[in-house]
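Listed below, chain by chain, are the residues.
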Amino acid sequence: MQAEILVLPGDGIGPEVTAAAVTVLRNVAARHGHEFTFIERLIGGAAIDATGEPLPADTLAAAKKADAVLLGAVGGPKWSDPKAKVRPEQGLLAIRKALGLYANLRPVKPHPVAFAASPIKPHLLQGVDLVVVRELTGGIYFGDKQRTADSASDLCTYSVEEIERVIRRACRLAMQRNRHVTSVDKANVLETSRLWREVATRVVREEFPEITLEHQLVDSMAMHLLARPREYDVIVTENMFGDILTDEASMLAGSMGLLPSASLGEGRVGLYEPIHGSAPDIAGRGIANPYAAILSAAMLLRHSLGLDAEAQCVERAVNAALAAGHLTADLAKPDSAIGTQAATRAVLDHFPLPCQVPELRD
Ligand code: IPM
Ligand code: MG
């Protein structure tokens, strides 16, 4: 198949890890007879430096035209002045909103080789396999913001429709998994959460009767996520709770450097990015872990291009590279760590056998 992929390297380690993901995608294309075209545009701090804006118009136009968007990371101390008028993060929020990417899928499946790097006891990590579906274009992130000399406010709003569509997305995903959805809110305090709970209950009852729905308050969810992570399948929640819970969940996997994400809307175009940040402290040194970006590329193959077999090949290759001990500094013992390029090479070397044979497709 033919596909146009927009690459937005962004800041810090973004360019290094997206380059690794593009290498793997090129390799997949060659193995399977696909034609992927890559175009590159600016976002975040790099875009502010070049154009004054975190999301230049031609970046957004290219995203709307592309089949999928692969993003590295945005931000860094250079653009972190609290008084600055524009910030790199605004570029990321704006592109999510403009493309209507309301559902952010963040799978967490700890690899045994990374158990030692997790602060959680290994027996609790065994068998953990969950996906957080985070609402991505509503809530307090996008509500009206006010600032006066001595006060500030951020409005949190959700419409029924915004809640329905993300709950449905989570339920469709759960139908392909263990049919268990945990909806997370703060319904004992927040009105938006009471609406969230009402809508979640109705959507599941009317449209997904096979699904077991459980409600959790976000504070107790934060605790259960570490105490009994194995019990969760699909967790669906609003924007800010999802932001916080997924950083917490990343600790189950041992390193932020292992977790991919997909941001999806109604259309085919999705945005794929590792959940880690731009890590300015290690940027440009060739030591960043590329696995999260490579796994994000696998999600791109699956969700935007419909290439599930190819996605599985990439995921199996990353798992095999990890199992064989090809670990970057975030996971390895200090004297045995490998760099970004060696880790990328290890993924290419560990493609499972059925993926080695180029398939002919129409
Ligand atoms: C994330 C990040 C972003 C968010 C920041 C960079 C705006 O933390 O993708 O989780 O809060 O959504
Ligand atoms: Mg975050």
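Residues numbered from 1 in each chain as written. Chains lettered and ligands numbered in written order. Predicted model: local features only at pLDDT ≥ 70, side-chain atom pairs only at ≥ 80, totals over all residues. Heavy atoms only, no water.

Let's shift gears to the nonpolar core. Membership of the largest hydrophobic core comes to 72 residues, with the highest contact counts inside it found for F36, V133, Y291 and F351. Counting residues per element, this core draws most heavily on helix α10 (residues 291–303), at nine residues. Built from parts of two domains, this core gets at least three residues from each of domain 1 (1–118 + 255–362) and domain 2 (121–253). Counting 20 residues, the second largest nonpolar core, distinct from the first, contains V218, L245, L252 and A253. (Core = buried A, V, L, I, M, F, W, Y, C linked by side-chain atoms within 4.5 Å. Buried < 20%, exposed > 50% of the residue type's maximum accessible area, 1.4 Å probe, protein only. Helix = DSSP H or I, 4+ residues; strand = E, 2+ residues; numbered from the N terminus. Domains from an automatic or database assignment.)

Let us now look at the site of ligand 1. Lining the immediate surroundings of ligand 1 are E89, R96, R106, R134, Y141 and D243. At a separation of 2.8 Å, an oxygen atom of ligand 1 approaches a polar side-chain atom of R134. Here an oxygen atom of ligand 1 sits 2.9 Å away from a polar atom, N or O, in the side chain of D243. Compared with its free state, where it exposes 320 Å², ligand 1 has 77% of that area covered by protein. (Near = heavy atom within 4 Å. Polar contact = N/O pair within 3.5 Å; in protein donor to acceptor, adjacent residues only side chain to side chain. Areas by Shrake-Rupley, 256 points an atom, 1.4 Å probe, with all protein chains shown as cover.)

Spatially, β2-β1-β3-β12-β11-β4-β5-β10-β8-β9 is the arrangement adopted by the ten strands of the open sheet, whose pairing is mixed. On the outer flanks of this sheet lie β2 (35–40) and β9 (212–217), each paired with one strand and no other. With direction set aside, neighbouring strand axes in the sheet form an average angle of 25°. Sheet topology note: the strand β1 (residues 2–10)/β2 ladder contains six bridges and is parallel. When the sheet's bridge partners are listed, V7 is paired in β2 with E40. On top of the sheet, α10 reaches β1, β2, β3 (68–73), β4 (103–108), β11 (260–264) and β12 (271–274); it is set at about 35° to β11, its chief contact. (Pairing = 2+ DSSP bridges. Axes fitted to C-alpha atoms, helices over the stretch in contact; angles between N-to-C directions. Contact = heavy atoms within 4.5 Å.)

A separate point is the domain arrangement of the chain. The domains assigned to the chain are domain 1 (1–118 + 255–362) and domain 2 (121–253). Here domain 1 and domain 2 have C-alpha centroids that lie 24 Å from each other. Between domain 1 and domain 2, the contact holds 25 residues from the first and 26 residues from the second. At the boundary of domain 1 with domain 2, total buried surface from both sides reaches about 2,500 Å², with 62% on carbon and sulfur atoms. Summed over the shared surface of domain 1 and domain 2, the number is zero salt bridges. The interface formed by domain 1 and domain 2 contains nine residue pairs in polar contact (both at pLDDT 80 or more). Those elements giving two or more residues to the side of domain 1 that touches domain 2 turn out to be α4 (88–98), β4 and β11. Here the side of domain 1 that touches domain 2 gets six residues from one element, more than from any other, and that element is β4. (Buried area = accessible area lost by both parts, 1.4 Å probe. Salt bridge = Lys/Arg side-chain N within 4 Å of Asp/Glu carboxyl O.)

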